[in-house]
Amino acid sequence: MNEKKSFYITTPIYYPSAKLHIGHAYCTTIADAIARYKRLDGFDVFFLTGSDEHGQKIQRTAEEKGVTPIEYVDGIVAGFKNLWERLNISNDDFIRTSEKRHEKVVREIFRRIYEKGDIYKGEYKGLYCTPCESYWTNLQLDENGCCPDCHRPVEEVAEEAYFFRLSKYADRLLKYIDENEDFIYPVSRRNEMINFIKQGLEDLCISRTSFDWGIPVPGDEKHVVYVWFDALSNYLTPIGFLDDAEKFAKFWPADIHLVGKEIVRFHSIIWPCILMALDLPLPKQVYGHGWLVVKGDKMSKSKGNVVDPLLLIDEFGADAIRYFLLREINLGQDGNFSRDALISRINADLANDLGNLLHRTLSMIGKFQKGTVTEGANNAFGESLQKDALAAAKKYRKEMDNTELSDAVKTAFAFIGRANKYIDETAPWALAKDEGKKDELAGVLYNLAESLRIISIMIFPVMPDTAKKIREQLNIPADFADISMDEAEQWGLFPKGGMVNKPEQLFPRIEVEAEEHAEKTAKAAKNNKAEKKHEQVAKANESASQISMEEFAKIHLRVVKVLAAEAVPNTEKLLKLTVDLGDEKREIVSGIAKHYTPGDIVGKNVVMVINLKPTKIRGILSQGMVLAASKGEDLELISVDMPVGSKVK
Ligand code: MSP
């Protein structure tokens, strides 16, 4: 029987104590890209995420809000699920530790290990703050040795509790880590863990009696199972641990537990020991990824630097966020999140490189071949492109197989750049002018469509919606359930004689607000000194920045009439203008509201750059720019007494 290879990947289950931020979304996006890639590569994938709902903290917060813990977490978990849906996360299951199916697993695991003698009843000693009902360690106390929350004295108390014999497994674990180089990744974390274990492992307290929002210990129900023992067991629940032996045999051991660096310890020490006590095989890999930080600081509610992923998705779309996270940050290291960097990536890579490649290709196929892709003739440029495409796909696969996601994304985009270069090399617009070169032209356009087909496969794990849109515009099958990674390593699969669709913009350029620009100019004007210096520098640069007539001729200037004008809501400086170019009407957004009221400018004939790349400003597609003269704080539109449609040269 030709059984599909299986692949089991998990994210941590998230605490519902706070709203999820972009750092949590980072972890889930990585897992999603890996899962999507593996599916393309022919694996039967099980991708799990979920929520870690028990514990004293949740119980307290619920009490403060006057609701039951489950009522409290239900609302939050609905928010998690909504976020994953908006981010296009393709998890196969979502486990909640409050579910009955999970409770069954935890109790059974507890029972088995207890019967084996590796769980025993003992005494948990700690520093207890009675008003807060919390245990603290010496390190957590405030500078006066008091409770770090209420700053009242703590007392040493002892409470009956169950312990798991972690210490018993230390040597076996060290041996396993030693024999399985890839078990803990990256290497730096592996070394950290080895050192930690070598210092000796203490048995782990796995129950509490001081609260009851948790899973009762079988046979001793005043205890609830404590945090990590409960949480880690989640990985066994949905793959049939107790109820589907075949499924369990297929997916266990997990291929990757993807976790943030601060919880590698729990996954690579406590979890393997629990599994050894259960006589189950250990996961193949615990991958500790770095944190997403803001200006070098980890995101946290108390620092007020959390970035809400939903707002970003609303503004830029899920694919752009996914792209940024996976491209910008090397998996094992911390990476910085910044809005400016995000916008630069969108503009340079997505709107410009990828968007233009698709747009140019489809426009030329439409214009030169009435939308049809035919085989045509190949030449040396084409052969080199083809070689580079296949090399890129091969490299990409290797990087994805090694979980080098950022490198894989870079490889895909390097090939996008390569294909753009191919357009410049072959200049299809010149071939189109020559009747004798029709075949060559067809070959160039075929190669471009074929390159985009391959690109769509390479970007799918990272930008699933965009990959689908590209294929829809190319008019080739767009359901990735039926597409295989192998198709990226084959040249010539684009259907000959196929018709493509009209190009549609994939990613609008994000204008770093025309407003902001206007503000900067105004500030500079106020500072006369700075302006003078600027003028001197401009003068010095003038000769260096001279342009040729050909370059100047690329700017198309025309006299247009302003038909209507209105303020752009919630801005101080922007006006939306409707202008008549003579042969068409367009909308543009202009930063002139401080100098002109709508009434001042309607009816004026002004000069406009008409071939400026369209850009979205405050949600309005601005297709051009009117020219103005400015000095200091004064500004005047260039208005001429010439008929609409006149060229300005
Ligand atoms: N509930 C535990 C995990 C139990 S797994 C059996 C937990 N939850 S958490 O909500 O605090 O964190 C979940 C994951 O989010 C962790 O892997 C953590 O590293 C990750 N992140 C939280 N903030 C992050 C960043 N700023 N950047 C990257 N990942 C971050 O721990």
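In case you missed it, the structure is sitting above this.
Residues numbered from 1 in each chain as written. Predicted model: local features only at pLDDT ≥ 70, side-chain atom pairs only at ≥ 80, totals over all residues. Heavy atoms only, no water.

**A look at the pattern of salt bridges**
Right, on to step 1. Applying the stated criterion to the full structure yields 44 salt bridges.
Right, on to step 2. Residue Asp401 is joined to Lys38 by a salt bridge in which the shortest nitrogen-to-oxygen separation is 4.0 Å. Note that Asp401 is positioned in helix H13 (residues 380-401) and Lys38 in helix H1 (residues 22-40), a separation of 363 residues in sequence.
Right, on to step 3. The exposure class of Asp401 is partly exposed, given its relative accessible area of 40%.
Right, on to step 4. Relative accessible area serves as the criterion here: at 10%, Lys38 is assigned to the buried category.
Right, on to step 5. With a shortest N-O distance of 2.9 Å, Arg112 and Glu108 are connected by a salt bridge. (Salt bridge = Lys/Arg side-chain N within 4 Å of Asp/Glu carboxyl O. Helix = DSSP H or I, 4+ residues; strand = E, 2+ residues; numbered from the N terminus. Buried < 20%, exposed > 50% of the residue type's maximum accessible area, 1.4 Å probe, protein only.)

**Considering the sheet that holds strand S3 (residues 93-96)**
Right, on to step 1. Here 6 strands make up an open sheet; going across it, the order is S3-S2-S1-S12-S13-S7 and the pairing parallel. Lying at the two open borders of the sheet, with one neighbouring strand each, are S3 and strand S7 (184-185).
Right, on to step 2. Bridge count for strand S1 (residues 6-14) against strand S2 (residues 44-51) is 7 bridges, and the pairing is parallel. Paired with Tyr14 across the two strands is Ser51, which belongs to S2.
Right, on to step 3. Each of S1, S2, strand S12 (256-260) and strand S13 (286-289) is contacted by H1, which is oriented at about 170° to S1, the strand it contacts most. (Pairing = 2+ DSSP bridges. Contact = heavy atoms within 4.5 Å. Axes fitted to C-alpha atoms, helices over the stretch in contact; angles between N-to-C directions.)

**As for the site of the ligand**
Right, on to step 1. Among the 24 residues in the neighbourhood of the ligand, the closest are listed as Ile13, Asp52, Gly260, Glu262 and Leu292.
Right, on to step 2. Between the ligand and Tyr15, the relevant distance is 3.1 Å, taken from an oxygen atom to a main-chain nitrogen or oxygen of the residue.
Right, on to step 3. Measuring from a nitrogen atom of the ligand, one finds a backbone N or O atom of Gly23 at 3.3 Å.
Right, on to step 4. Surface burial for the ligand is 95%, taken as the share of its 670 Å² of free accessible area covered by protein chains.
Right, on to step 5. Classifying every residue of the shell around the ligand by side-chain character gives 13 nonpolar, 8 polar and 3 charged. (Near = heavy atom within 4 Å. Polar contact = N/O pair within 3.5 Å; in protein donor to acceptor, adjacent residues only side chain to side chain. Areas by Shrake-Rupley, 256 points an atom, 1.4 Å probe, with all protein chains shown as cover. Nonpolar A, V, L, I, M, F, W, Y, C, P; charged D, E, K, R; others polar.)

**Points about the side chain of Asp41**
Right, on to step 1. With respect to the helices and strands, the residue Asp41 is situated in the loop between H1 and S2.
Right, on to step 2. Owing to a relative accessible area of 15%, Asp41 belongs among the buried residues under this scheme.
Right, on to step 3. Setting aside its immediate chain neighbours within four residues, Asp41 contacts Lys5, Arg397, Asp401 and Met485.

**As for the packing of helix H12 (residues 339-369) against helix H16 (residues 438-459)**
Right, on to step 1. Two elements in contact, H12 and H16, have axes separated by 10 Å at closest approach and are oriented at 145°. For H12 against H16, the interelement crossing comes out left-handed. Of H16, the residues touching H12 (which contributes Leu354, Leu357, Leu358, Thr361, Met364, Ile365, Phe368 and Gln369) are Lys438, Leu441, Ala442, Leu445, Leu448, Ala449, Leu452, Ile455 and Ile459. (Left-handed = near helix turned anticlockwise from the far one by under 90°.)

**Focus on the environment of Gly260**
Right, on to step 1. Looking at where Gly260 falls in the secondary structure, it is placed in strand S12.
Right, on to step 2. The class for Gly260 is buried, based on a relative accessible area of 8%.
Right, on to step 3. The sequence separation of Gly260 and Tyr26 amounts to 234 residues, and the corresponding C-alpha distance is 9.8 Å.

By themselves, these are just geometric observations and shouldn't be taken as functional.
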